[in-house]
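Understanding the architecture of this molecule
Read off the chains here:
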Amino acid sequence: MGESKKHVGVLGLGRMGAALAGALLGAGHDVSVWNRSPLKAGPLLDRGARLAATPAEAASADIVLSCLSTYDVQRPVLEAASPKVLVNLTSGTPEQARAAAKWAASEGIDYVDGVIMAVPQGIGTPAAQVLYGGSEPVFAAQRDVLEVLGTPVFLGEDAGLAALYDLALLGMMWSTMAGYLHALALVGTEGVTPERFEPLASAWQSAVGGFLPRIGEQFASGDYATDVSALDINAAGLGLLVETSRAQGIGTAVPAALRELFDRAVAAGHGSHAIASVIEKIR
C-alpha cells in the first residue's frame, strides 16, 4: 500500500461493512462511517472512526465505499450522499451495476463497481479477493485504499463485469456445496460420518478441479471429442445416483436436476462427446 492516508467514508455497517471499516482503520486511514442504526458503529468509534450523522457527511470523504443490503436500499442513500468518488460493494446483478454506473456518470461521480469474494473475517488479508469493473483511472487512483481490503482484481471498463463474475463463481460454490451435502446425506444413510468421508471428498474435489482447464478449452473451441469419459456414461451414472439416493431414503433434487440436463444433451446427439458438450443445453 502507498504511504498516503486518505479520508474514507463507509456507508453501511453490516458484517461486511464493519469489516471494511475495521480494515481501513487498521491501515491508518481516517474513516467516517454511516449506518441507519448508529449503535452498530460503537466498536468502530472505539477504534477511532468518526460517526457521520448523514450519508452526505460520510460522503465528504476522499472516497466512499457503499456496502448496503440491496441496490433498492442503496439508491436513496447514494442520492442523499452524492460522493465524489464511489466504490460500490453492494451485491446485485450486472444490469443493476451498469445502471448505478450510468447514474453516477450523470451526477459527475467517479465510479467503480466491486464484489467481495470473501467472508467478513477474511477482509484485510491477501486471501480476500475483491473483483472490480468500471473506470480504470479511478481504480488506479484508489488502489492504495482498495489493497487494504484484500487483493484487488480489475476485470475491465464494463461496470457489470464484477457482478457477472461474482454470480458465476458463487454458482460454482453453491453447486459444489449442494453436491457435498447430498454426498454426506447419502453415505450417512450407512452411518459414515463427515469426519470419515471428508478426506476422500477433499482429495476428489482437488482432482476434479484439474479438469477445468480442459473443459474450458473444449468450450472455447467447440470440439467436444473425447477419449476419456463420454457424456452418455456420465448420464447413466447420474441415473444410478438418483436410483440409489431414492433407495437409501434421501431426496434426489440435486442429482435429478443434473440427470435431466445430461439426458437432454445426450438426446441432442452429444452422447459420445465430452461432458463439456452440456454447455450447448445450458446456453
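Above this note sits the structure.
The following paragraphs examine the structure supplied in this document. All figures in this text were calculated on a predicted structure; none of them were measured in a lab.

Some points on the pairing of strand 7 (residues 129–134)
By the criterion of burial, strand 7 is predominantly enclosed, with 5 of the 6 residues buried. Where strand 6 (residues 110–117) lies against strand 7, 6 bridges are found, and the strand directions are antiparallel. Bridge pairing links Gly 114 to Tyr 132 in strand 7.

Brief notes about the packing of aromatic side chains
For any two aromatic rings, the description comes down to two numbers: the centre-to-centre distance and the angle of the planes. Under the counting rule described, the total for this entry stands at 3 aromatic pairs. When the centroid spacing of 6.4 Å and the interplanar angle of 15° are considered together, the rings of Tyr 180 and Phe 197 count as stacked. Here the residue Tyr 180 occupies a position in helix 8 (residues 161–188), and Phe 197 occupies one in helix 9 (residues 194–209), the gap between them amounting to 17 residues. Following the ring pairs from residue to residue traces out a cluster consisting of Tyr 132, Phe 139 and Phe 154.

A look at the pattern of salt bridges
Taken as a whole and judged by the stated rule, the model has 10 salt bridges. Here Glu 260 makes a salt bridge to Arg 264, at a shortest N to O gap of 2.8 Å. Within this pair, Glu 260 and its partner Arg 264 are both found in helix 12 (residues 253–270), separated by 4 residues, close to a single helical turn. Note on Glu 260: relative accessible area 42%, which makes it partly exposed. In this structure Arg 264 comes out as partly exposed when scored by relative accessible area, which is 36%. Bridged by salt links that share partners, the residues Glu 95, Arg 98 and Asp 158 form one connected network.

Re helix 11 (residues 231–247)
Over its 17 residues, helix 11 runs 24 Å from end to end, which matches the ideal 24 Å to within 8%, given 1.5 Å per residue. What helix 11 keeps buried is the set Leu 231, Ala 235, Leu 238, Gly 239, Val 242 and Ser 245. Along helix 11, the residues classed as buried sweep out an arc of 130° about the axis, all on the same side. Away from its buried face by more than 90 degrees, helix 11 exposes Ile 233, Leu 240, Glu 243 and Ala 247. Those residues of helix 11 that are buried lie in contact with helix 8 and helix 12.

Section: the pairing of strand 6
Across the 8 residues of strand 6, 6 count as buried, placing the element largely inside the fold. Note: strand 5 (residues 85–88) against strand 6, 4 bridges, orientation parallel. For Val 85, the partnering residue across the bridge sits in strand 6 and is Asp 110. Handedness of the strand 5-helix 5 (residues 94–106)-strand 6 crossover: right-handed.

Quick notes on the layout of surface pockets
Picture a little ball the size of a water molecule; that probe, rolled over the atoms, points out where space is still empty. Within this model, the largest pocket holds a volume of roughly 2200 Å³. Lining the largest pocket are 46 residues, with Val 208, Ile 215, Leu 258, Phe 262 and Ile 275 sitting closest to its centre. Within the residue set of the lining of the largest pocket, elements represented by two or more residues are helix 8, helix 9, helix 10 (212–221), helix 11, helix 12 and helix 13 (279–282). Examining the composition of the lining of the largest pocket, we find that 11 residues originate from one element, helix 8, more than from any other. Grouping the amino acids of the lining of the largest pocket by side-chain chemistry returns 29 nonpolar, 14 polar and 3 charged. One number sums up the size of the second largest pocket: a volume of about 270 Å³. Along the wall of the second largest pocket there are 15 residues; nearest its centre are Met 16, Leu 89, Ser 91, Ile 116 and Asp 166. If you tally residues by element for the lining of the second largest pocket, the top one is helix 8, at 4 residues. A class-by-class count of the residues in the lining of the second largest pocket yields 10 nonpolar, 4 polar and 1 charged.

A closer look at a nonpolar patch on the surface
Among the surface-exposed residues, Leu 164, Tyr 165, Leu 169, Met 172, Phe 211, Leu 212 and Ile 215 lie close enough to one another that they form a single nonpolar patch of about 640 Å² accessible area. For the nonpolar patch, the elements supplying multiple residues, two or more each, are helix 8 and helix 10. Looking at the element boundaries, Ile 215 is found in helix 10.

As for the sheet that holds strand 2 (residues 30–34)
Taken in spatial order, the 8 strands of this open sheet run 3-2-1-4-5-6-7-8, and their pairing is mixed. In the strand order of this sheet, the two ends are held by strand 3 (50–51) and strand 8 (151–156), each with one partner.

What counts as what
- Residues numbered from 1 in each chain as written.
- Predicted model: local features only at pLDDT ≥ 70, side-chain atom pairs only at ≥ 80, totals over all residues.
- Heavy atoms only, no water.
- Buried < 20%, exposed > 50% of the residue type's maximum accessible area, 1.4 Å probe, protein only.
- Helix = DSSP H or I, 4+ residues; strand = E, 2+ residues; numbered from the N terminus.
- Pairing = 2+ DSSP bridges.
- Phe/Tyr/Trp six-rings, centres within 6.5 Å; stacked < 30°, edge-to-face > 60°.
- Salt bridge = Lys/Arg side-chain N within 4 Å of Asp/Glu carboxyl O.
- Expected span 1.5 Å × (residues − 1).
- Arc of directions from axis to C-beta.
- Contact = heavy atoms within 4.5 Å.
- Right-handed = clockwise from strand over helix to strand, strands pointing away.
- 1 Å grid on protein atoms, 1.4 Å probe; cavity = no way out; pocket = protein on both sides within 12 Å on 5 of 7 lines; lining within 4 Å.
- Points joined across faces, edges and corners; volume = space filled by probe spheres on them.
- Nonpolar A, V, L, I, M, F, W, Y, C, P; charged D, E, K, R; others polar.
- Patch = residues over 30% accessible without salt bridge, like charges linked within 9 Å, V, L, I, M, F, W, Y side chains within 5 Å.
- Areas by Shrake-Rupley, 256 points an atom, 1.4 Å probe, with all protein chains shown as cover.

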